[in-house]
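Summary of structural features
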Amino acid sequence: MKNSIQSIRGVTDILPEQTPIWLWLESVIKQVTHSYGYQQIRLPIIEPLALFERAVGESTDIVSKEMYNFVDKSGEHITLRPEGTSSCARAVIEHNMCYNTTQRLWYQGPMFRYERPQKGRLRQFTQFGVETFGMAGPDIDAELICMAYDIFKVLGVHQHIYLEINSLGTASERQTHRQQLIHYFKQHANQLDQDSLNRLNNNPLRILDSKNPAMQEMINQAPKLIDFIGEESLSHFNKLQYLLDQADINYTINPRLVRGLDYYSKTVFEWITDKLGSQATVCGGGRYDGLIELFSKKELPGSGFAIGIERLLLLIETLGLDDGINNAPDITITCESPQQNAKALLIANNIRHQLPKLQVLTDLSNNKIKRQHSRALKTDSKLIITLNDNDSVGLWYPKNNESLTVTSDLIIITISEYLNLLK
Ligand code: ATP
Ligand code: MG
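Since the model is a prediction, treat every value here as computed from it, not as a measurement.

Calculation criteria
The written sequence of each chain sets the order in which its residues are numbered from 1. Lettering for chains starts from A, numbering for ligands starts from 1, and both go in the order in which the items are written. Only residues with pLDDT of at least 70 are given local features in this predicted model, and only at 80 or more are side-chain atom pairs given and counted; all residues enter the totals for whole chains, interfaces and linings. Values reported for side chains reflect all heavy atoms of the structure, with hydrogen atoms and water molecules removed beforehand. Helix and strand definitions follow DSSP, with helices as H or I runs of at least four residues and strands as E runs of at least two, each counted in order from the N terminus. Whether two residues are in contact is decided by their heavy atoms, any of which lying within 4.5 Å being enough. Any two strands are treated as partners once DSSP identifies two or more bridges connecting them. For the domain bounds, the source is a domain assignment made automatically or taken from a database. Residue count minus one, scaled by 1.5 Å, sets the expected span of a helix. What counts as a ring pair is set by centres within 6.5 Å for rings of Phe, Tyr and Trp (its six-membered ring), and what kind of pair is set by the plane angle: stacked under 30 degrees, edge-to-face over 60, tilted for all other angles. The buried label goes to any residue with under 20% of its type's maximum accessible area, the exposed label to any with over 50%, and the partly exposed label to all in between, with areas taken from a 1.4 Å probe on protein chains only. Geometrically, a lysine NZ or arginine CZ counts as sitting over a ring once it is within 6 Å of the ring centre and also within 35 degrees of the ring normal. Near, as used in this document, describes a residue that has one of its heavy atoms within 4 Å of the molecule or strand being considered. In the analysis that follows, any N or O atom pair within 3.5 Å is treated as a polar contact, provided that within protein one partner can donate a hydrogen and the other can accept it, and provided that, for residues neighboring in sequence, both atoms belong to side chains. Computed by Shrake-Rupley with a 1.4 Å probe, the accessible areas treat only the displayed protein chains as cover when residues are assessed. By convention a nonpolar core is built from buried Ala, Val, Leu, Ile, Met, Phe, Trp, Tyr and Cys residues, the set being connected through side-chain atoms within 4.5 Å. As a rule, the C-alpha atoms of each element are fitted with a line to give its axis, helices using only the stretch in contact, and angles between N-to-C directions run from 0 to 180 degrees. By the definition adopted for this analysis, an angle is roughly parallel if under 35 degrees, roughly antiparallel if over 145, roughly perpendicular if from 65 to 115, and oblique otherwise. Should the near helix be turned anticlockwise from the far one by less than a right angle, the crossing is left-handed, and should it be turned clockwise, the crossing is right-handed. Residues are sorted three ways: Asp, Glu, Lys and Arg are charged, Ala, Val, Leu, Ile, Met, Phe, Trp, Tyr, Cys and Pro are nonpolar, and all the rest, Gly among them, are polar. One side-chain nitrogen of Lys or Arg within 4 Å of one carboxyl oxygen of Asp or Glu is enough to make a salt bridge.

1. Structural notes on the environment of Tyr 149
By secondary structure assignment, the location of Tyr 149 is in helix 5 (residues 138-155). For the pair Tyr 149 and Trp 271, spaced 122 residues apart in sequence, the C-alpha to C-alpha distance is 9.1 Å. Once you skip the residues sitting within four places of it in the chain, Tyr 149 turns out to touch His 158, Ile 249 and Trp 271.

2. As for the pairing of strand 4 (residues 77-80)
Where strand 2 (residues 46-48) meets strand 4, 3 bridges bridge the pair, whose relative direction is antiparallel. Across the sheet, Ile 46 pairs through a bridge with Leu 80, a residue of strand 4. Bridging between strand 3 (residues 68-71) and strand 4 involves 4 bridges; their strand directions are antiparallel. By the bridge assignment, Tyr 68 is partnered in strand 4 with Leu 80. Hairpin geometry of strand 3 and strand 4 is characterised by an intervening segment of 5 residues between the two adjacent antiparallel strands and by a positive phi of about 85° at Gly 75.

3. Remarks on the domain arrangement of the chain
How big an interface is tends to be expressed through the accessible area that disappears when the partners come together. Partitioning the chain into domains gives domain 1 (19-170 + 229-318) and domain 2 (331-422). One C-alpha centre belongs to domain 1, the other to domain 2; they are set 47 Å apart.

4. Thoughts on helix 6 (residues 171-187)
Taking 1.5 Å of rise per residue, the 17 residues of helix 6 would be expected to cover 24 Å, and the 24 Å separating its terminal C-alpha atoms lies within 8% of that figure. Looking at the packing, one finds that the buried side of helix 6 touches helix 8 (216-220), helix 9 (231-246) and strand 9 (265-272).

5. A word on the sheet that holds strand 9
Pairing is mixed in the open sheet, where 8 strands are placed in the order 1-5-6-11-10-9-7-8. In this open sheet, the two edge strands, each paired with only one partner strand, are strand 1 (39-40) and strand 8 (252-253). Two strands pair when backbone bridges link them, and strand 7 (residues 162-167) and strand 8 are joined in this way by 2 bridges, in the parallel orientation. If you follow Ile 165 over to strand 8, its bridge partner there is Ile 253.

6. Examining the packing of aromatic side chains
This structure, assessed with the given rule, holds 10 aromatic pairs. Aromatic pair Tyr 184 and Phe 185: ring centres 5.6 Å apart, planes at 65°, arrangement edge-to-face. Assessed through its relative accessible area of 0%, Phe 185 is described here as buried. Every member of this aromatic cluster is reached through a ring pair, and the members are Trp 106, Phe 128, Phe 269 and Phe 305. Geometry around Tyr 114 places Arg 123 over its ring, the cationic atom sitting 3.9 Å from the centre.

7. Structural notes on the site of ligand 1
As a matter of local geometry, ligand 1 sits amid 14 residues, with Arg 113, Glu 115, Arg 121, Leu 122 and Arg 259 nearest to it. Between Arg 259 and ligand 1, the recorded distance is 2.5 Å, taken from a side-chain N or O atom to an oxygen atom. One of the backbone N or O atoms of Val 282 is found 3.2 Å from an oxygen atom in ligand 1. Starting from 580 Å² of accessible surface for ligand 1 in isolation, the protein chains cover 87%. Going through the elements one at a time, strand 6 (124-133), strand 10 (281-287) and strand 11 (302-308) are the ones with two or more residues in the shell around ligand 1. Considering each element in turn, the shell around ligand 1 owes the most residues, 3 residues, to strand 10.

8. Observations concerning unusual backbone geometry
Negative phi characterises most residues that are not glycine, and trans characterises most peptide bonds. Even without a glycine there, the phi angle at Asn 100 is positive, about 60°. Mapped onto the elements, Asn 100 comes out in the loop between helix 4 (85-94) and strand 5 (103-112).

9. Observations regarding the nonpolar core
By size, the foremost hydrophobic cluster in this structure holds 47 residues, and its most contacted members are Ile 41, Phe 133, Phe 185 and Leu 208. Mapped onto this core, the elements with two or more residues apiece are helix 2 (49-55), helix 3 (61-66), helix 4, strand 5, strand 6, helix 6 and helix 8. Apart from residues no more than four positions distant in its own chain, Ile 41 is found in contact with Cys 88, Ala 91, Met 97, Leu 105, Trp 106 and Tyr 107. Listed in part, the 42 residues of the second largest apolar core include Val 32, Ile 145, Met 147 and Ile 309.

10. Examining the packing of helix 1 (residues 19-35) against helix 5
Axis separation between helix 1 and helix 5 bottoms out at 10 Å; the angle between their running directions is 140°. Taken together, helix 1 and helix 5 sit at an angle that is classed as oblique. The element helix 1 and its partner helix 5 pack so that their crossing is right-handed. Every residue of helix 5 that contacts helix 1 at Trp 24, Leu 25, Val 28, Gln 31, Val 32 and Thr 33 is listed here: Met 147, Asp 150, Ile 151, Val 154 and Leu 155. Here the residues of the contact of helix 1 with helix 5 sort into 8 nonpolar, 2 polar and 1 charged.

11. A word on the sheet that holds strand 16 (residues 402-406)
Pairing within the open sheet is mixed, and its 5 strands lie in the order 13-12-14-15-16. A strand with exactly one partner marks an edge of an open sheet, and here the two such strands are strand 13 (360-362) and strand 16. Between one strand axis and the next, the sheet turns through 20° on average, direction left out of account. The pairing of strand 12 (residues 331-335) with strand 13 spans 3 bridges and is parallel. Residue pairing in the sheet places Ile 331 in a bridge with Val 360 of strand 13.

12. Here's the deal with the pairing of strand 11
Strand 11 sits mainly inside the fold: 7 of its 7 residues count as buried. Of the two faces of strand 11, both are covered, the one formed by Gly 302, Gly 304, Ala 306 and Gly 308 as well as the one formed by Ser 303, Phe 305 and Ile 307. Both strand 6 and strand 11 contribute to a ladder of 7 bridges, which runs antiparallel. Bridged to Thr 132 within strand 11 is Ser 303.

13. Comments concerning the pattern of salt bridges
Taken as a whole and judged by the stated rule, the model has 18 salt bridges. Across the salt bridge formed by Asp 150 and Lys 153, the nearest N and O atoms sit 4.0 Å from each other. Here Asp 150 pairs with Lys 153, and both are found in helix 5, just 3 residues apart, close to one helical turn. Given the relative accessible area of 24%, Asp 150 is considered partly exposed. Residues Asp 330 and Lys 382 are paired through a salt bridge, measuring 2.7 Å at the closest nitrogen-oxygen approach. Of this pair, Asp 330 sits in the loop between helix 10 (309-318) and strand 12 while Lys 382 sits in the loop between helix 12 (369-378) and strand 14 (383-387), and the two are 52 residues apart along the sequence. Assessed through its relative accessible area of 12%, Asp 330 is described here as buried.

Encoded structure:
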């Protein structure tokens, strides 16, 4: 017997019963991004390894542990993208998209990280990301947060997601804090776990992120970045809070919120839920004013966020908000015998052309009519048409169990009247 082949660990199929909820979520994303005037950008899935090494930073978990890298046949070092911000920034520079203008962009697509797969943590997952370029103020940070909130509101999850914000200041402000932080953690080195010891010299800020319960007390006493940031960063942060207050968006300031990537500066934020265990962060984002300089001589401020679609869907499912979202056909045409199949095709096409909004399915299985009916009922079809061998046509509306018999030429008029009534 041949061994069966299964998908790669942490890489999943999205099956037909799951796609309606994906389509719904994607339509909400399109609607909200459109209402904010953001343009979609479609970015490649493979990028040069150097892009992420430079932009995300070699000391980050993503670059040091999680990337899928390979060498192609011409010897180029290539990476399956682990995130979208770096690609988006590359594209903006490569195509000179900010010449005398600003950009508001969004994208959606698969990202790849070699992590330990678990609920809400995959090796191939999907991000919806938004990036803006050329705007340095806290107002655009607030706009981004409002946009994420609007998405959560339309989806109905907004009461189960909490916003945390922080400011990381500028790179030079972080440098002073970093020295103090290393000094503090060295004094408490006996309390640091192995992971934190590894981070001590290359990414001490990330120790603040540790979830290890034994370290919490000590971390809470560590020097706070907010005490080191300068006047300009502080006023940016205060203004952001003012704007969020004006927009009626609740938030908590979390001085330990640092985010996992090197490129952030000033504003950082996360939307967190208490419904998904340790995979609690549904959306992460912030400002990355220094990122563009890593690629070009230009200075160009940027700010954005990314939502993990699978996590957001898990939350939607956990809250039961996916009930009733399916891809039920409006009409299923069943055939008493295979002799009716050709007629089914004709009638189906006729309906599709005259009533193009309807979803019309034909049952060409040649199964017994009872079996066809029970299948149509299972799919929640609004109307079941039966083509009988005696040339009559049965119309059956399962919702109120009404049925009638008509001749073929009356099908369209009857169903359009009926479906209008149903609305
Ligand atoms: P985490 O702390 O959970 O590892 P992260 O800080 O690495 O998240 P980001 O790089 O900020 O995540 O990515 C933005 C969002 O993408 C996350 O908030 C999360 O919703 C989602 N995400 C990140 N990694 C994964 C993954 N491996 N599987 C599924 N979703 C993910
Ligand atoms: Mg991560």
